[in-house]
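# Structural description and commentary
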Amino acid sequence: MPHSRNIALTVNGERYEREVEVRLMLADFLRHHLGLTGTHLGCEHGVCGACTILLDGRSARSCLLLAVQCDGHDVMTVEGIAPSADALHPLQEAFRDHHGLQCGFCTPGMLTTLIEFLRENPDPTEEEVRIAISGNLCRCTGYQGIVAAALDAAKRMQAAPA
Amino acid sequence: MKPPPFEYHDPRTEAEVVGLLARLDNAKLLAGGQSLMPMLNMRYVLPDHVIDLNRVEGLSYIREAEGALEIGALTRQRDLEFSDLVRTRCPLMHEAVRQVGHRQTRNRGTIGGSLGHLDPAAELVTVATALDAIVTVAGPTGRREVPFAEFPAGFMMPSIALDEFITAVRIPLWRSDHGFAFVEFARRHGDFAIVSAAAMLEADGSGRPARASVTIGGATIAPQRMRDIEQGLVGQTLSQQLFRDLCESCRALEAIDDIHAPAAYRQHLAVVLSRRALQAAHARLNGTAVLPKRH
């Protein structure tokens, strides 16, 4: 492969080693090379937020990161949020209960963004939640259910810290 | 979308970056990637080489020294946002950086990248203009410093040679009791400003401004200091009428006319926003208003 490199990184706690083209985006690496299709690609130029992942715990657009840049780093995707295959994270439960999603396309980015936000701000106001998700576009819900879910998730997580 | 093919370099030291820049043709520097990566995805840029600065040691720091803040070029916008030093010593930057993009983009975007990209509507470029920042660039003959007044050579074109790169920026500090405000108008939260205004005031013993800085971002090809407004403020008794009269001069700006807004609209916004920024800076002068909350 021309212009390729070997990389080793951790995704959702699992270590992966792959050879990748240096121009490969992290989002495409996750979806096509690792089969982690939970990360969605909407705009592919950093506007819609659907592809948000956590890089070393910080939210970032995976369409604006090269896979090679993540060599030696830790990535968390939407697949890494639930504690196990048959249990949901309190944030995911709150999304289900408050109709925080309809088509589900924006949901992976909403969840990863809110995981970071609620860690930094465990008792947010509605305005703070709206600002936190201002970089994530949703065309179904009108955001009401998402905001309600985030506020409720904050309460659930404070009641039962992970 | 896929970027065009390129060779990827991830140097570890400033010297290696300088060496690569000297050796390689058609190379692009990658910092936070929040502008370059979309441009690569859409193939607006076709570099043969991408030099990733993210693994270069020692380019990320915020420290106070000799009456200035020294900020490493790779310092993330999010680190500026949460820095107590920035919030207390350079509150204008704190207020502005919270309006830069979104949390996901601020987590990656860097101050050096913002300044080097030199979008005239970028908040940090306007702040650097307002604060007389000094940019440090490294090249084959060593380091040199560029005052921000001389930094823009044209539209989105910094006065940096092809074999140079930004390593740091120095922000001279104002007295701790100065008044400040950064306001902007954008169509959506997190968008680039159509027009922004930064104002700073420092009072003499009688409460009149001994020093003033007024900058309009987004209206012209690079953010512009409004020297006539600044001179009109110094030594005067501040009033709404004075702000109203002085800010009218923004109507004469050589404003950009594009798909987002016609020139006359930008001139109008510049008049309104410069007045609002001065009103807010005045209210904060001498510590009569509280500093922005941490969030």
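I will try to describe carefully the structure that is included in this document.

### Details of the nonpolar core
- B:Leu92, B:Met93, B:Leu115, B:Phe148 and B:Ile171 are the most contacted members of the largest nonpolar core, which totals 36 residues.
- Looking at this core, the elements that each hand over two or more residues are β5 (68-72), α5 (91-97), α7 (111-117), α8 (123-130), β6 (134-139), β10 (165-172), β11 (179-185) and β12 (195-203) of chain B.
- Taken together, domain 2 (62-172) and domain 3 (179-287) of chain B each give at least three residues to this core, which thus spans both.
- Setting aside residues up to four positions removed in sequence, B:Leu92 forms contacts with B:Val127, B:Ala130, B:Leu131, B:Phe180, B:Ala181, B:Phe182, B:Ala198, B:Ala199 and B:Met200.
- Ranked by size, the runner-up nonpolar core spans 35 residues in total, among them A:Tyr16, A:Ala60, A:Leu65 and A:Val75.

### Here's the deal with the packing of helix α2 (residues 90-97) of chain A against helix α3 (residues 107-120) of chain A
Residue and element names in this part refer to chain A.
- Where α2 meets α3, the closest approach of the two axes is 10 Å, and the angle between their N-to-C directions is 130 degrees. As far as their axial angle goes, α3 and α2 are oblique. Between α2 and α3 lies a crossing whose hand is right-handed. Of α3, the residues touching α2 (which contributes Leu91, Gln92 and Phe95) are Thr107, Met110, Leu111, Leu114, Ile115 and Leu118.
- Class assignment for the residues of the contact of α2 with α3 results in 7 nonpolar, 2 polar and no charged.

### Side note on the sheet that holds strand β1 (residues 7-9) of chain B
Residues and elements named next belong to chain B.
- Spatial ordering of the open sheet is given by β1-β3-β2, a layout of 3 strands whose pairing is parallel. Bordering the open sheet on either side are β1 and β2 (27-30), each of which pairs with just one other strand. Each adjacent strand pair in this sheet contributes to an overall mean axis angle of 25 degrees, direction not counted.
- The sheet contact formed by β1 and strand β3 (residues 49-52) spans 3 bridges and is parallel. Directly across from Glu7, in β3, lies its bridge partner His49.

The rules behind these values
Residues numbered from 1 in each chain as written. Chains lettered and ligands numbered in written order. Predicted model: local features only at pLDDT ≥ 70, side-chain atom pairs only at ≥ 80, totals over all residues. Heavy atoms only, no water. Core = buried A, V, L, I, M, F, W, Y, C linked by side-chain atoms within 4.5 Å. Buried < 20%, exposed > 50% of the residue type's maximum accessible area, 1.4 Å probe, protein only. Helix = DSSP H or I, 4+ residues; strand = E, 2+ residues; numbered from the N terminus. Domains from an automatic or database assignment. Contact = heavy atoms within 4.5 Å. Axes fitted to C-alpha atoms, helices over the stretch in contact; angles between N-to-C directions. Parallel < 35°, antiparallel > 145°, perpendicular 65-115°, else oblique. Left-handed = near helix turned anticlockwise from the far one by under 90°. Nonpolar A, V, L, I, M, F, W, Y, C, P; charged D, E, K, R; others polar. Pairing = 2+ DSSP bridges.

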